[in-house]
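Chain by chain, the residues run as shown.
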Amino acid sequence: MLVVENVVAGYVEEVNILHGVSLEVRQGQISSIIGPNGSGKSTLVRVICGMLPTREGEVRYDATRLTGTPAHRMAELGIAYLPQERTVFPHLTVEQNIDLGGWTFRRDSARIGRMRRKVYDQFPILADRKNVKGGDLSGGQQKILEVARALMIEPSLLVFDEPTVGLAPIVAKEVYDTLERLRAEGMTVLLVDQNVREAVRIGDHVYVLELGRNKADGARDAFAGDLHALIKDWLQI
Ligand code: ADP
Ligand code: MG
């Protein structure tokens, strides 16, 4: 459903960061992108989500050409982008943060209410803390809040850049469990993760980027055996 074809992109004139990257994200699956720091993972998701233009190649989502589609239209297309940086508004309450996810239909209070209840059903921990300031949640809870806020638009595709960076393993597990639960409900996920083991464990298909190029890819089971050799280079052991 999401197709990236030979994408070349970069930030500074004449310096390319992505040198012809291709991938496919299949409906109802979790596709993981792994690769060493600086390999272009975040750059790739910025291109997919319309934050950075392509210099060559294209991105398609179903029948829609995403290349050249501005970032604010992504929500209408059902694409939710969760960037690597924290995006919870620390001084707003949990509920205010969630409601902001429904900004595009903010005048439809019935819909806001309906979606908010749905989100609270899925994440009771947020319902319990709805009046707590976002900044007072733990790191893991803030990530869950970001997911909850993204779900307000009923997306069909979640693009999630490094959701568990800086989280303790037990907290990270909650985030991974959430992604697996969403997949079971039919959600499609593109996950960028520095945690190679987890990315391969929950990914149906895994892509490896290195220096802005595809290095390898495969279905999880075919892939798991090669994993050790692959990450050995990155860890320089
Ligand atoms: P990753 O997410 O895999 O760690 P990035 O996509 O963030 O990698 O970075 C890839 C390369 O692009 C790096 O060399 C980085 O320095 C460069 N880069 C990232 N963001 C910017 C930016 N906003 N402006 C200029 N260069 C950038
Ligand atoms: Mg990154």
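Scroll up to find the structure.
Described in the following lines is the structure provided in the data block. Computed from a predicted model, the values in this text were never measured in an experiment. (Residues numbered from 1 in each chain as written. Chains lettered and ligands numbered in written order. Predicted model: local features only at pLDDT ≥ 70, side-chain atom pairs only at ≥ 80, totals over all residues. Heavy atoms only, no water.)

### Looking at the overall build of the chain
1) Next: Helices and strands together make up the secondary structure of the chain, namely nine helices and ten strands.
2) Next: Relative to the compact-globule value of 18 Å for 237 residues, the chain shows a C-alpha radius of gyration of 18 Å, a close match.
3) Next: Structurally, the chain occupies a C-alpha span of about 45 × 40 × 30 Å along its principal axes.
4) Next: For the chain, the proportion of its 237 residues judged to be buried stands at 49%.
5) Next: Summarising the internal contacts of the chain: among those between residues at least 6 apart in sequence, 67% fall at separations of at least 24.
6) Next: Counting every atom, the chain has about 11500 Å² of accessible surface; 50% of that belongs to carbon and sulfur. (Helix = DSSP H or I, 4+ residues; strand = E, 2+ residues; numbered from the N terminus. Rg over C-alpha atoms; globule rule 2.2 N^0.38 Å. Buried < 20%, exposed > 50% of the residue type's maximum accessible area, 1.4 Å probe, protein only. Contact = heavy atoms within 4.5 Å. Areas by Shrake-Rupley, 256 points an atom, 1.4 Å probe, with all protein chains shown as cover.)

### Some thoughts on unusual backbone geometry
1) Next: For Glu154, which is not glycine, the phi torsion reads 50 degrees and is therefore positive.
2) Next: With respect to the element layout, Glu154 can be found in the loop between helix H5 (139-151) and strand S7 (157-161).
3) Next: For Glu154, a relative accessible area of 44% corresponds to the partly exposed category.
4) Next: The phi dihedral of Leu211 is positive, around 50 degrees, even though this residue is not glycine.
5) Next: Within the fold, Leu211 resides in the loop between strand S9 (205-210) and strand S10 (213-219).
6) Next: Overall, Leu211 belongs to the exposed group, its relative accessible area being 65%.

### Considering the sheet that holds strand S4 (residues 56-61)
1) Next: Pairing is antiparallel across the open sheet formed by four strands, whose spatial order is S2-S1-S4-S5. Because the sheet does not close on itself, it has two edges, and the strands there are strand S2 (18-25) and strand S5 (64-65).
2) Next: Pairing of S4 with S5, which is carried by two bridges, proceeds in the antiparallel orientation. Bridge pairing links Arg60 to Arg65 in S5. (Pairing = 2+ DSSP bridges.)

### Describing the coordination of the magnesium ion (ligand 2)
1) Next: All of the protein donors around the magnesium ion (ligand 2) are Ser42 (OG) and Gln84 (OE1); their distances to the metal are 2.1 to 2.4 Å. In this pair, Ser42 sits in helix H1 (residues 41-48) while Gln84 sits in the loop between strand S6 (79-82) and helix H2 (94-100), placing the two residues 42 residues apart along the sequence. (Donors = N, O, S within 2.8 Å, 3.2 Å for Na, K, Ca; no water.)

### A look at H1
1) Next: Of all eight residues in H1, seven are buried, a share of seventy percent or more.
2) Next: Taken residue by residue, H1 has Lys41, Ser42, Thr43, Leu44, Val45, Val47 and Ile48 as its buried positions.
3) Next: Backbone geometry just after H1 places Gly50 at a positive phi near 80 degrees.

### Side note on the site of ligand 1
1) Next: Neighbouring residues of ligand 1: Tyr11, Ile17, Pro36, Asn37, Gly38, Ser39, Gly40, Lys41, Ser42, Thr43 and Arg46.
2) Next: Within the backbone of Ser39, an N or O atom sits 3.2 Å from an oxygen atom of ligand 1.
3) Next: Contact with the protein chains hides 60% of the accessible area of ligand 1, taken as 560 Å² for the molecule alone.
4) Next: Grouping the constituent residues of the shell around ligand 1 by class yields three nonpolar, six polar and two charged. (Near = heavy atom within 4 Å. Polar contact = N/O pair within 3.5 Å; in protein donor to acceptor, adjacent residues only side chain to side chain. Nonpolar A, V, L, I, M, F, W, Y, C, P; charged D, E, K, R; others polar.)

These figures come from the coordinates and say nothing about function on their own.
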